[in-house]
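An overview of the molecular structure
The lines below spell out each chain.
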Amino acid sequence: MFLQSRYFFSRLATSTIHSRCFASTLVVAEQIDGGKLAPVTLNALTAASQLKQDIDCVIFGADKTAETTTQLQKFNNSNIKKIFVAENVAFKGLLSEAVTPVLLDLQKKNNYTHILGGSSTFTKSILPRLAALLDVQPISDITKVVDKDQFIRFVYAGNAVLKLKSNDTVKIITVRGTAFEATKEGGGSGQANVEKLDSSVKNDLSEFVERQIQQSERPELPSARIIFSGGRALKSKENFKLLYDLADLFPGQATVGASRAAVDAGYCTNDLQIGQTGKIVAPDLYVAIGISGAIQHIAGMKDSKVIVAINKDGDAPIFAIADYGLVGDLFKVIPELNEKLKKK
Ligand code: FAD
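Each value, and the rule that gives it
- Residues numbered from 1 in each chain as written.
- Predicted model: local features only at pLDDT ≥ 70, side-chain atom pairs only at ≥ 80, totals over all residues.
- Heavy atoms only, no water.
- Core = buried A, V, L, I, M, F, W, Y, C linked by side-chain atoms within 4.5 Å.
- Buried < 20%, exposed > 50% of the residue type's maximum accessible area, 1.4 Å probe, protein only.
- Helix = DSSP H or I, 4+ residues; strand = E, 2+ residues; numbered from the N terminus.
- Contact = heavy atoms within 4.5 Å.
- Salt bridge = Lys/Arg side-chain N within 4 Å of Asp/Glu carboxyl O.
- Pairing = 2+ DSSP bridges.
- Axes fitted to C-alpha atoms, helices over the stretch in contact; angles between N-to-C directions.
- Polar contact = N/O pair within 3.5 Å; in protein donor to acceptor, adjacent residues only side chain to side chain.
- Phe/Tyr/Trp six-rings, centres within 6.5 Å; stacked < 30°, edge-to-face > 60°.
- Lys NZ or Arg CZ within 6 Å of the ring centre and 35° of its normal.
- pLDDT = per-residue confidence, 0-100.
- Domains from an automatic or database assignment.
- Buried area = accessible area lost by both parts, 1.4 Å probe.
- Near = heavy atom within 4 Å.
- Areas by Shrake-Rupley, 256 points an atom, 1.4 Å probe, with all protein chains shown as cover.
- Nonpolar A, V, L, I, M, F, W, Y, C, P; charged D, E, K, R; others polar.

Here the focus is the nonpolar core. Grouped together as the largest cluster of nonpolar side chains are 28 residues, with contacts concentrated most on Val58, Phe60, Phe91, Leu103, Ile115 and Ile172. Elements with a contribution of two residues or more to this core: strand E1 (24–29), strand E4 (54–61), strand E5 (80–87), helix H4 (96–110) and helix H5 (121–134). Discounting residues that sit within four places of it in the chain, Val58 has contacts with Leu26, Val27, Val28, Ala29, Phe84, Leu103, Leu106 and Leu197. Counting 27 residues, the second largest nonpolar core, distinct from the first, contains Leu51, Leu72, Val85 and Leu116.

On to the pattern of salt bridges. Close approach of charged atoms lets side chains of opposite charge pair. Throughout the structure, instances matching the rule amount to 13 salt bridges. As a salt-bridge pair, Lys82 and Glu195 come within 3.0 Å of each other at their nearest N and O atoms. With a gap of 113 residues between them, Lys82 in strand E5 and Glu195 in strand E11 (residues 193–196) connect regions that are remote in the sequence. Here Asp149 and Lys171 are joined by a salt bridge, their closest N and O atoms 3.3 Å apart.

By definition, the strands of a sheet pair up through backbone hydrogen bonds, in either a parallel or an antiparallel sense. The strand order E9-E8-E7-E10-E6-E1-E4-E5-E11 describes an open sheet built from 9 strands, whose pairing is mixed. Two strands close off the open sheet at either side, each with one partner strand: strand E9 (160–165) and E11. If you compare each strand with its neighbour and ignore which way they point, the axes differ by 35° on average. Summarising the sheet, strand E8 (residues 150–155) and E9 pair through 6 bridges and their orientation is antiparallel. Across the sheet, Ile152 pairs through a bridge with Lys163, a residue of E9. Contacts from helix H3 (residues 65–73) reach E1, E4, E5 and E11, with the element oriented near 170° to E5. Of the strands in this sheet, E1, strand E6 (114–118) and strand E10 (171–175) are in contact with H5, which crosses E10 at around 170°.

All right, on to the side chain of Ser166 then. Mapping Ser166 onto the fold places it in the loop between E9 and E10. Here the side chain of Ser166 touches Asp168 through a polar contact of 3.2 Å, landing on its backbone nitrogen. When neighbours within four sequence positions are excluded, Ser166 is seen to be in contact with Ile139, Asp149 and Lys171.

This model, assessed by the stated rule, comprises 3 aromatic pairs. Relative to Tyr244, the ring of Phe240 lies with its centre 6.5 Å away and its plane at 55°, an arrangement referred to as tilted. Residue Phe240 is classed as buried on the basis of its relative accessible area of 0%. The residue whose ring lies beneath Lys302 is Phe154, and the NZ or CZ to ring-centre distance is 3.9 Å.

Below, the discussion takes up the confidence of the model for the protein chain. Here the protein chain averages 89 in pLDDT, and 92% of its residues register 70 or above. Note on residues 1–21: pLDDT under 50 across the span, and 0 contacts to partners over four residues away in sequence or across chains. In the model output, the complex is listed with pTM 0.80 alongside ipTM 0.99.

This next bit is on the domain arrangement of the protein chain. Here the protein chain is partitioned into domain 1 (24–196) and domain 2 (226–343). Just the C-alpha atoms count here: the centres of domain 1 and domain 2 sit 32 Å apart. At the interface, 6 residues of domain 1 touch 8 residues of domain 2. Summed over both partners, the interface of domain 1 with domain 2 buries about 590 Å², with 60% contributed by carbon and sulfur atoms. Broken down residue by residue, the surface that domain 1 buries against domain 2 is led by Ala157, Arg176 and Thr178, which jointly contribute 69%.

Now for the site of the ligand. Surrounding the ligand, one finds 25 residues, the nearest of these being Arg232, Ser259, Thr277, Ser292 and Asn311. Within the backbone of Gln276, a nitrogen or oxygen atom sits 3.0 Å from an oxygen atom of the ligand. Between the ligand and the protein, one listed contact pairs an oxygen atom with a side-chain N or O atom of Ser292 at 2.7 Å. When the ligand is considered free in solution it has 990 Å² of accessible area, and contact with the protein chains removes 76% of it. Among the elements of the structure, helix H7 (260–264), helix H8 (295–298) and helix H9 (330–343) are those that each provide at least two residues to the shell around the ligand. In terms of residue class, the shell around the ligand is made up of 7 nonpolar, 13 polar and 5 charged.

Written out as structure tokens, the structure is:
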């Protein structure tokens, strides 16, 4: 009996030690223009730290990865043990055909149990591909970490909350940036080790040609504190200027968003679209102007801290989620608002 229980204890102990040694997380840190670290990586780091296991990070880039690494090193409070750096001209444009084989190799060598990235065009392209190569189910756009196996995400355009349990040995996860606070700089001890990967990648499958970026002095939608968002009611591209004028009264803080109807009508570029098939935002202040409040739009902005709706139809569904509502004609209200704000 004694022997039997000792055997049981030693089995238990071995399995505990086993999981401590091997449960670890890899965060795919995203490099954006000029070697900058994508802000959404900091939200992914917060989600990763909630798994309470060692974290490694990996950075891909055609150049300037040293700058990205230096920025990532500042977040030494988030349990990062190692930063892998893969620099190669083949990573220009961060094409998934070039990046994914390197990630697969890293996973095989280090047995990561969780691989995470902030939800972005880049991770949405590479992580499902990696999941397919590992034959596991990708877990997209999580809004909460329950434990190492269970996660929360929205389904049906944000109308239902799903708690999912994954039994896969490797969990491939994208993290909804607005649902997790960004990790703050500093406060931790030591620096993560940096290891350069021998990334002699050959990518015959695709070629990066060019990226066309809308140049703007205004902040990016996901990081803007104030968003003036316009819908079909704006009626033309020229009328959208009313919203740009409002945003420019709050330099560095405010920008312009749009409903899909406004984008489809050509009133603005599609990078401004907010909603289920657009960007997900959660600013301090969201002003919906001439937007009816379709569920697909609400899915992208309902977590905003304060929502103001301006609509000439008092029964528009947007008023149901608005903190403040104004029933009126936008072509009268917006110029008046602009004048009053200018005086302030
Ligand atoms: P409308 O619904 O036409 O509303 C215009 C509003 O303006 C009305 O409420 C009207 O009362 C008001 N109005 C009119 N004139 C004035 C005036 N002078 N002053 C004040 N108010 C005025 N939509 C998104 O936004 N984002 C998405 O990501 C998205 N994804 C989708 C995905 C799928 C699969 C599908 C099927 C649809 C998706 N849609 C999305 C479209 C969505 O269903 C709606 O069609 C769209 O959001 C409507 O845009 P809107 O509110 O600007 O236009």
